[in-house]
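Each chain, written out:
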Amino acid sequence: MHFCIVGAGFSGAVTARHLAERGHRITVIDERPHNGGNCHTARDPQTGIMLHHYGPHIFHTAQETVWQYVQRFGRFAPYINRVKAISQGRVYTLPITLLTINQFFGKTMQPAEAREFIRQQAVQDMASPRNFEEQALHMIGPALYEAFFKGYTTKQWGLPPADLPAAILKRLPVRFNYDDNYFSHPYQGIPVEGYTTLIETILTHPRITVRLNTSFETFQSCNSMDHTLYTGPLDRYFSFCHGRLGYRTLNFERIDAKGDYQGTAVINYCDESIPYTRISEHKHFAPWEAARFSRTVCFREYSRLAGPEDAPYYPIRLAGETAMLDRYVRTAMTARNVSFLGRLGTYRYLDMDVTIGEALAACQIMDDHLAEGRPL
Ligand code: FAD
Ligand code: UDP
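About the thresholds
- Residues numbered from 1 in each chain as written.
- Chains lettered and ligands numbered in written order.
- Predicted model: local features only at pLDDT ≥ 70, side-chain atom pairs only at ≥ 80, totals over all residues.
- UniProt positions renumbered as here; feature names shortened; annotations may be inferred.
- Helix = DSSP H or I, 4+ residues; strand = E, 2+ residues; numbered from the N terminus.
- Rg over C-alpha atoms; globule rule 2.2 N^0.38 Å.
- Buried ≥ 20, exposed ≤ 12 C-beta atoms within 10 Å, placed from the backbone.
- Contact = placed C-beta atoms within 7 Å.
- Near = placed C-beta within 6 Å.
- Nonpolar A, V, L, I, M, F, W, Y, C, P; charged D, E, K, R; others polar.
- Domains from an automatic or database assignment.
- Axes fitted to C-alpha atoms, helices over the stretch in contact; angles between N-to-C directions.
- Left-handed = near helix turned anticlockwise from the far one by under 90°.
- Parallel < 35°, antiparallel > 145°, perpendicular 65-115°, else oblique.
- Pairing = 2+ DSSP bridges.
- Expected span 1.5 Å × (residues − 1).

- An unreviewed UniProt entry lists the protein under the name UDP-galactopyranose mutase, with Parasaccharibacter apium given as the organism.
- For the protein, the Cofactor (unreviewed entry) comment in UniProt is given as "FAD".
- For the protein, the Sequence similarities (unreviewed entry) comment in UniProt is given as "Belongs to the UDP-galactopyranose/dTDP-fucopyranose mutase family."

Here is the structure:
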């Protein structure tokens, strides 16, 4: 069969590779001038530092198969994400750990004492928190919530935390020890040559052709192929017939400096009075080579509602969006010769490992359908 795959991010690359290895012919198109989707990295022409163009990406997973899969295509250097947070003029460690709690409250508590202390701080009468704010008050109490989450979340999502789902906060742990690893997964790292090289290696196969600077809307040849795997925005595929699904987008303000600007990769700015959410210093995402750069490049990150021309980053998924999404899903079920995949094709926030895991699972389903002669 001949497949048209729209999007050269992880979703498109992983499915392309699998289908090519099964003997199919694949044309991958992407409207951007580069491979890699939102994980795109490239060396800065001025400094040589590897930059993460759409925001910092750290690979972390608990899925052994996904970890093994990515090792096939590139070398990963160990990397532990340790985030700092500035609140009311002081620097802390994030996620909330025993260090954060002791520093914030000016104490020297041991784990059990801190657990009891936070239990007393927490608002107890919320058996099942209905939103982000209630979840935070229930988990950590008002003082830590206001210092670390209220302002940051309002900036990040453009809404008061009481209007946001509790699930967003559940992504972050609260620890009663000094483990300041932002993630809890056993495997964590960064590809030494960057994500774009890794994804290009996945795409390097004699039966895969990649066409960059090519949008689905202008690529007529797709119609003559047997099947399309579409990893672009679901609403865009259907010409926004049910309306536009809401996204947050990001603006990055570049800072060039000498030496070391902030001494670490990521500092979050939790106060609402500071308009950006965080500053990331990209050479620190590659500690194995950071010392060889005398200059440094950082980005202040500003979050706002995406307009029609903006790159979609975070799906908003409030009640209005989920009702619209249902309509698109019903429409997608009736569309012929096309399957939807990935963070934009399914309108969900997906980490890279989940993206890869889902792409591999989709390939398994396609294999089964093809083996049984059923339509995809
Ligand atoms: P994408 O990477 O978005 O690829 C889709 C591609 O389709 C794009 O290249 C786009 O140009 C192309 N396309 C879309 N429409 C069309 C069209 N009509 N015609 C042609 N081409 C089209 N995950 C982690 O695991 N760790 C992290 O630290 C992390 N950090 C993140 C930080 C930010 C700011 C964001 C927003 C996400 C982060 N992620 C992280 C998630 C990660 O970016 C996604 O898991 C990954 O990008 C999903 O890959 P994808 O292929 O599904 O989508
Ligand atoms: N968050 C916060 N303060 C911080 C970091 C995170 O309030 O310093 C909130 C914010 O709402 C964010 C959520 O916690 O969306 C989950 O954190 P994560 O790091 O997963 O956020 P992401 O940048 O991926 O949205």
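### Focus on the overall build of the protein
Part 1: In terms of helices and strands, the protein carries 11 helices and 17 strands.
Part 2: Computed over the C-alpha atoms, the radius of gyration of the protein is 22 Å, within 12% of the 21 Å expected from 2.2 N^0.38 for a compact globule of 376 residues.
Part 3: Based on the C-alpha atoms only, the size of the protein along its principal axes is roughly 65 × 50 × 35 Å.
Part 4: A total of 376 residues make up the protein; the buried ones form 36% of that total.
Part 5: In the protein, 72% of the contacts between residues at least 6 apart in sequence involve partners at least 24 apart.

### Here's the deal with the site of ligand 1
Part 1: Looking at ligand 1, there are 36 residues lining it, with Gly 7, Gly 9, Gly 37, Gly 232 and Gly 342 nearest.
Part 2: Those elements that provide at least two residues to the shell around ligand 1 are α1 (10–21), α10 (342–345) and α11 (352–371).

### Points about the site of ligand 2
Part 1: Within the structure, ligand 2 sits among 13 residues, and Phe 149, Tyr 152, Thr 153, Arg 171 and Asn 268 are positioned closest to it.
Part 2: Of all the secondary-structure elements, those providing two or more residues to the shell around ligand 2 are α5 (132–157) and α6 (167–170).
Part 3: With five residues, α5 is the largest single contributor of residues to the shell around ligand 2.
Part 4: Residue classes in the shell around ligand 2 are distributed as nine nonpolar, three polar and one charged.

### A word on the domain arrangement of the protein
Part 1: Parsing the protein into structural domains produces domain 1 (2–41 + 193–242 + 316–371) and domain 2 (109–170).
Part 2: Computed from C-alpha atoms alone, the centre-to-centre distance between domain 1 and domain 2 is 36 Å.

### Overview of the packing of α1 against α11
Part 1: Orientation of α1 relative to α11, taken along the N-to-C sense of each, is 35 degrees, at an axis distance of 9 Å. Read as a crossing pair, α1 and α11 show a hand that is right-handed. Facing Phe 10, Ser 11, Val 14, Thr 15 and His 18 of α1, the residues of α11 in contact are Met 352, Thr 355, Ile 356, Ala 359, Leu 360, Ala 362 and Cys 363.

### Comments concerning the packing of helix α2 (residues 64–71) against α11
Part 1: Across the interface, α2 lies against α11 with an axial gap of 10 Å and an inter-helix angle of 95 degrees. By the angle between their directions, the pair α2 and α11 is classed as roughly perpendicular. Here Val 66, Tyr 69 and Val 70 of α2 come into contact with α11, specifically with Asp 353, Ile 356, Gly 357 and Leu 360.
Part 2: Looking at the contact of α2 with α11 residue by residue, the class counts come to five nonpolar, one polar and one charged.

### Examining the UniProt feature "domain: UDP-galactopyranose mutase C-terminal" (unreviewed entry) in the protein
Part 1: Using the residue numbers shown here, the UniProt feature "domain: UDP-galactopyranose mutase C-terminal" (unreviewed entry) corresponds to residues 147–349.
Part 2: For residues 147–349, helix accounts for 24% and strand for 24%, while the C-alpha atoms at its two ends are 25 Å apart.

### Here we look at unusual backbone geometry
Part 1: The step from Leu 94 to Pro 95 runs through a cis peptide bond, and the omega angle for that step is 5 degrees.
Part 2: Position of Pro 95 among the secondary structure elements: in the loop between β8 (90–94) and α3 (98–105).
Part 3: Here Phe 240, not a glycine, exhibits a phi torsion of approximately 55 degrees, which is positive.
Part 4: Locating Phe 240 in the fold gives a position in the loop between α8 (234–237) and β12 (247–258).

### Observations concerning the pairing of strand β14 (residues 278–281)
Part 1: Of the two faces of β14, the one lined by Arg 278 and Ser 280 and the one lined by Ile 279 and Glu 281 are each fully buried.
Part 2: Summarising the sheet, strand β13 (residues 266–269) and β14 pair through three bridges and their orientation is antiparallel. Bridge pairing in β14 links Ile 267 to Ile 279.
Part 3: Where β14 and strand β15 (residues 295–305) come together, four bridges link them in antiparallel fashion. Among the inter-strand pairings, Arg 278 is bridged to a residue of β15, identified as Glu 301.

### Describing α1
Part 1: Here α1 spans 16 Å end to end across 12 residues, near enough to the 16 Å set by a 1.5 Å rise per residue.
Part 2: Phe 10, Ser 11, Gly 12, Ala 13, Val 14, Thr 15, Ala 16, Arg 17, Leu 19 and Ala 20 are the residues of α1 that are buried.

### A word on the sheet that holds strand β17 (residues 338–340)
Part 1: Reading across the sheet, the five strands line up as β10-β2-β1-β11-β17 and stay open at both edges, with parallel pairing between neighbours. The open sheet terminates on both sides in strands that have one partner only, identified here as β10 (208–211) and β17. If you compare each strand with its neighbour and ignore which way they point, the axes differ by 20 degrees on average.
Part 2: Across four bridges, strand β2 (residues 25–29) lies against β10 in parallel orientation. Paired with Thr 27 across the bridge in β10 is Thr 209.

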